[in-house]
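The lines below spell out each chain.
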Amino acid sequence: MADMKKIATRVSYGSTLVELAQQGADNLVVFDADLAAATKTEIFKKAYPERHFDCGIAEQNMVGVAAGMSTMGYVPFVSSFAMFAAGRAFEQIRNTVGYPHLNVKIAATHAGLSVGEDGASHQCCEDIALMRTIPGMVILSPADDVEARAAVIAAYNYEGPVYLRFSRLPSPVFHNPDNYEFHIGKGEKLTDGFDAAIIATGLMTAEALRAAVLAKRQGISVRVINMPTIKPLDEEIILTAARECHNIITVEEHNIIGGLGEAVCSLLSEKMPTPVRRIGVQDKFGHSGPAAEVLRDYGLTAENIAATVREMVYPGTV
């Protein structure tokens, strides 16, 4: 993984908006809240300035304007940091987008702890939980550049509200663009194994792949499942993993309350009770520091994932 090309999925987002417009998406419009340089919608702004609207530091108003535009046949992409897109504008997303089920896409960048030096006020580890509670909201959390580009295209083609989660930190590109296919609501088995299954999303999928390599060196066979769609959840791939692997570890750059881990646990508790360990932010706020160090401090590393796998497969050995 170390020598793979790394690209931040927020960059993938900005670039794909331009590609969609170039390919005939004449109804696509983009809104930002004074953060175009950071969210990378500036890439779209430079190419299509008449279709990019900077609403200033007024995220709630931005969502309302986008909702209105969607009723006129446009497909608005609303962009800001996750903390502001999902947090500050939650009520507007719920009532003006979710309740009437409007065709608005909320593109949230700088999600999770890897915002780094910006600290706890900007490290949004609650956004998946918030968006999961809105009926009919689709939640996409791509793992690399290839998947992020495909997710943006899928969101544009989907009729209804979509929440897209992008990272600030560059992530390894492990998908092959020549044969990768993205489908909303589908997970992806990246490696096979039968001692345990790691279900990861977003930035953590690359760490899960590294953890599988570390576990293999210890004689443990690990299945890695990439889960780019948090809602609707791919129940089939999870239940198959539970039946065949007997041990499940979820990994997410998000609070374990309300996120991927909780969604997996809810499914398994009802349909196939299975031991689960949730790796994520353990009901804490983040703290300021270099992104890699912050992730390490919260156990979001391949080494900690591998140690959790070993402890689960061979209790008492770690």
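Anything mentioned here points back to the structure above.
A short tour of the structure in this document, coming up. In this text the structure is predicted, and so the values were computed from the model without any measurement. (Residues numbered from 1 in each chain as written. Predicted model: local features only at pLDDT ≥ 70, side-chain atom pairs only at ≥ 80, totals over all residues. Heavy atoms only, no water.)

### Quick look at the pattern of salt bridges
Consideration 1: One pass over the structure, following the stated rule, counts twelve salt bridges.
Consideration 2: The closest approach of N and O atoms between E244 and R223, which form a salt bridge, is 2.7 Å. Of the two residues, E244 is situated in helix α10 (residues 235-245) and R223 in strand β11 (residues 222-226); the sequence distance between them amounts to 21 residues.
Consideration 3: Look at E244 and you get partly exposed, because its relative accessible area is 32%.
Consideration 4: For R223, a relative accessible area of 3% translates into the label buried.
Consideration 5: Between R277 and E311 there is a salt bridge, with the nearest N and O atoms lying 4.0 Å from each other. Of this pair, R277 sits in strand β14 (residues 276-281) while E311 sits in helix α13 (residues 302-313); the two residues are 34 residues apart in sequence, bridging distant segments of the chain.
Consideration 6: Owing to a relative accessible area of 35%, R277 belongs among the partly exposed residues under this scheme.
Consideration 7: On the basis of relative accessible area, E311 is assigned to the partly exposed category, the value being 29%.
Consideration 8: Through salt bridges with shared partners, one network takes in K189, D192, R223 and E244. (Salt bridge = Lys/Arg side-chain N within 4 Å of Asp/Glu carboxyl O. Helix = DSSP H or I, 4+ residues; strand = E, 2+ residues; numbered from the N terminus. Buried < 20%, exposed > 50% of the residue type's maximum accessible area, 1.4 Å probe, protein only.)

### Describing the sheet that holds strand β6 (residues 138-140)
Backbone-to-backbone hydrogen bonds pair the strands of a sheet. The strands run either parallel or antiparallel.
Consideration 1: The mixed open sheet is built from seven strands, whose spatial order is β3-β2-β4-β5-β7-β6-β12. Two strands in the sheet have a free side with no partner beyond their single neighbour: β3 (52-54) and β12 (229-231). Between one strand axis and the next, the sheet turns by 20° as a mean value, whatever way the strands run.
Consideration 2: Direction of pairing for strand β2 (residues 28-32) relative to strand β4 (residues 75-81): parallel, over a ladder of five bridges. (Pairing = 2+ DSSP bridges. Axes fitted to C-alpha atoms, helices over the stretch in contact; angles between N-to-C directions.)

### With respect to the sheet that holds β11
Consideration 1: If you walk across this open sheet you meet the five strands as β9-β11-β10-β13-β14, and the pairing is mixed. Looking along the sheet, the strands with just one partner apiece sit at the ends: β9 (188-191) and β14. Direction aside, neighbouring strands of the sheet carry axes that sit 25° apart on average.
Consideration 2: As defined by bridge partners, strand β10 (residues 196-200) adjoins β11 across five bridges and the pair is classed as parallel. The residue bridging I198 from the neighbouring strand is V224, located in β11.
Consideration 3: In the packing of α10 onto the sheet, contacts are made with β9, β10, β11 and β13 (248-255), and the angle to β11 comes to roughly 170°. (Contact = heavy atoms within 4.5 Å.)

### Observations concerning helix α6 (residues 90-98)
Consideration 1: Those residues of α6 that fall on the buried side of the exposure criterion are Q92, I93, V97 and G98. Projected down its long axis, α6 carries its buried residues within an arc of 150°, all on one side.
Consideration 2: In this structure, the buried residues of α6 make contact with α4 (59-70), α5 (82-88), β5 (105-109) and α7 (127-132). (Arc of directions from axis to C-beta.)

### A word on the environment of E235
Consideration 1: Topologically, E235 is positioned in helix α10.
Consideration 2: Judged by its relative accessible area of 34%, E235 falls in the partly exposed class.
Consideration 3: Distance in space between the C-alpha atoms of E235 and L267 is 7.3 Å, their sequence separation being 32 residues.

### Notes on the packing of aromatic side chains
Consideration 1: If you walk through the whole model with that rule in mind, you get five aromatic pairs.
Consideration 2: Plain terms: the ring middles of Y13 and F77 are 6.3 Å apart, the flat faces sit at 40° to each other, and that makes the pair tilted. You can see Y13 sitting in helix α1 (residues 9-22) and its partner F77 sitting in strand β4, a full 64 residues away along the chain. Each member of the pair, Y13 together with F77, is buried.
Consideration 3: Between the aromatic rings of F81 and F84, the centroid separation amounts to 6.0 Å while the plane-to-plane angle is 10°, which identifies the pairing as stacked. Here F81 matches F84 in class, with each residue buried.
Consideration 4: Lying across the ring of Y48, R51 places its NZ or CZ 5.0 Å from the centre.
Consideration 5: The ring of F194 carries R223 above its face, with NZ or CZ at 5.0 Å from the centroid. (Phe/Tyr/Trp six-rings, centres within 6.5 Å; stacked < 30°, edge-to-face > 60°. Lys NZ or Arg CZ within 6 Å of the ring centre and 35° of its normal.)

### Some points on the environment of A86
Consideration 1: Looking at the element boundaries, A86 is found in helix α5.
Consideration 2: Spatially, the C-alpha atoms of A86 and P273 are 32 Å apart, while their sequence positions differ by 187 residues.
Consideration 3: When residues no more than four places from it in sequence are discounted, the contact partners of A86 are I93, D127, L130, M131 and Y163.

### Quick notes on unusual backbone geometry
Consideration 1: With an omega dihedral of 0°, the bond running from K231 to P232 counts as a cis peptide bond.
Consideration 2: Although it is not a glycine, H101 adopts a positive phi angle of roughly 55°.
Consideration 3: By secondary structure assignment, the location of H101 is in the loop between α6 and β5.

### Regarding the packing of α4 against α6
Consideration 1: Packing of α4 against α6 leaves a shortest axis separation of 9 Å and a crossing angle of 10°. Relative to α6, α4 is oriented roughly parallel. Each of Q60, V63, G64 and A67 in α4 lies in contact with α6, whose residues at this interface are Q92, I93, T96 and V97.
Consideration 2: Within the contact of α4 with α6, the residues separate by chemical class into four nonpolar, four polar and no charged. (Parallel < 35°, antiparallel > 145°, perpendicular 65-115°, else oblique. Nonpolar A, V, L, I, M, F, W, Y, C, P; charged D, E, K, R; others polar.)

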